[in-house]
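What follows is each chain in one-letter form.
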Amino acid sequence: MAGRAQIPTKNSALIAMIADEDTVTGFLLAGVGNVDLRRKTNYLIVDSKTTVKAIEDAFKEFTSREDIAVVLISQYIASMIRFLVDSYNKPVPAILEIPSKDHPYDPAHDSVLSRVRYLFSAESVASGRR
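The structure displayed is predicted, hence computed values, not measured ones.

### Quick notes on the layout of surface pockets
Here comes step 1: Roughly 220 Å³ of volume is contained in the largest pocket.
Here comes step 2: Along the walls of the largest pocket sit 14 residues, with K90, A94, I95, V112 and R115 positioned nearest its centre.
Here comes step 3: For the lining of the largest pocket, the elements supplying multiple residues, two or more each, are strand 4 (94-98) and helix 5 (111-127).
Here comes step 4: By residue number, the principal contributor to the lining of the largest pocket is helix 5, which donates 5 residues.
Here comes step 5: In terms of residue class, the lining of the largest pocket is made up of 10 nonpolar, 2 polar and 2 charged.

### Comments concerning the environment of K60
Here comes step 1: Tracing the sequence through the fold places K60 in helix 2 (residues 52-64).
Here comes step 2: Note: C-alpha distance between K60 and V85 (25 residues apart in sequence) is 9.8 Å.

### Points about the sheet that holds strand 4
Here comes step 1: Reading across from one edge, 2-1-3-4 is the order of the 4 strands in this open sheet, with parallel pairing throughout. Each edge of the open sheet is held by one strand with a lone partner, namely strand 2 (43-45) and strand 4. Pairwise comparison of adjacent strand axes, ignoring direction, gives a mean angle of 20° for this sheet.
Here comes step 2: Sheet topology note: the strand 1 (residues 14-19)/strand 3 (residues 68-74) ladder contains 5 bridges and is parallel. By the bridge assignment, L14 is partnered in strand 3 with I68.

### Structural notes on helix 1 (residues 21-29)
Here comes step 1: Capping of helix 1 at its N-terminal end is provided by D20; its side-chain oxygen lies 3.2 Å from the backbone amide nitrogen of D22.
Here comes step 2: Following helix 1 by one or two positions, G31 has its phi on the positive side, about 100°.

### Considering the nonpolar core
Here comes step 1: Within the largest apolar cluster, 19 residues are counted, with the highest numbers of intra-cluster contacts made by I18 and F59.
Here comes step 2: Secondary structure elements with two or more residues in this core: strand 1, helix 2, strand 3, helix 3 (75-78) and helix 4 (82-87).
Here comes step 3: Ranked by residues supplied to this core, first place goes to helix 2 with 4 residues.
Here comes step 4: Apart from residues lying up to four places away in sequence, I18 is in contact with L44, V46, I55, A58, F59, F62, V71, L72, I73, S74 and I77.
Here comes step 5: Core analysis: the next-biggest nonpolar cluster, separate from the first, contains 6 residues, A19, V32, L72 and I98 among them.

### Considerations on unusual backbone geometry
For residues besides glycine, phi is generally negative; the peptide bonds are generally trans as well.
Here comes step 1: In this structure, the amide linkage connecting V92 to the following residue, P93, adopts the cis form with an omega of 0°.
Here comes step 2: Its location among the elements puts P93 in the loop between helix 4 and strand 4.
Here comes step 3: Residue R39 is not a glycine yet carries a positive backbone phi of 65°.
Here comes step 4: Counting through the fold element by element, R39 comes out in the loop between helix 1 and strand 2.

### Some words on helix 2
Here comes step 1: Relative to the 18 Å expected for 13 residues at 1.5 Å per residue, helix 2 spans 18 Å between its end C-alpha atoms, a close match to the ideal helical length.
Here comes step 2: The elements touched by buried residues of helix 2 are strand 1, strand 2, strand 3, helix 3, helix 4 and strand 4.

Each value, and the rule that gives it
Residues numbered from 1 in each chain as written. Predicted model: local features only at pLDDT ≥ 70, side-chain atom pairs only at ≥ 80, totals over all residues. Heavy atoms only, no water. 1 Å grid on protein atoms, 1.4 Å probe; cavity = no way out; pocket = protein on both sides within 12 Å on 5 of 7 lines; lining within 4 Å. Points joined across faces, edges and corners; volume = space filled by probe spheres on them. Helix = DSSP H or I, 4+ residues; strand = E, 2+ residues; numbered from the N terminus. Nonpolar A, V, L, I, M, F, W, Y, C, P; charged D, E, K, R; others polar. Pairing = 2+ DSSP bridges. Axes fitted to C-alpha atoms, helices over the stretch in contact; angles between N-to-C directions. Polar contact = N/O pair within 3.5 Å; in protein donor to acceptor, adjacent residues only side chain to side chain. Core = buried A, V, L, I, M, F, W, Y, C linked by side-chain atoms within 4.5 Å. Buried < 20%, exposed > 50% of the residue type's maximum accessible area, 1.4 Å probe, protein only. Contact = heavy atoms within 4.5 Å. Expected span 1.5 Å × (residues − 1).

Following this line, the structure appears as structure tokens:
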């Protein structure tokens, strides 16, 4: 189909993670982790010593890599770089905000959910439904 973003198929596409240690460890145990030949990982473990600049750099790197299809980011970490998350508008890699053990999910701060709500409200107004 024309206009759809293509995920590279020569190798399997990866899921990248930006989250706290417990969340990343859970996903690593599930088999999400990857280290390439240049020793680059597909995850960033964020703790109290991690700078906002390091989070921004990881987000920019993960969203520019062609081998990544999805970036999972803890919602409280996404709020630290909200301007980057909200300004990102490409379909691949998809950005998904997830809860963490210490920070529950808040749908009011989810950029993807707010975009979906906007689209459905715009569609319902355009079609005359309310």
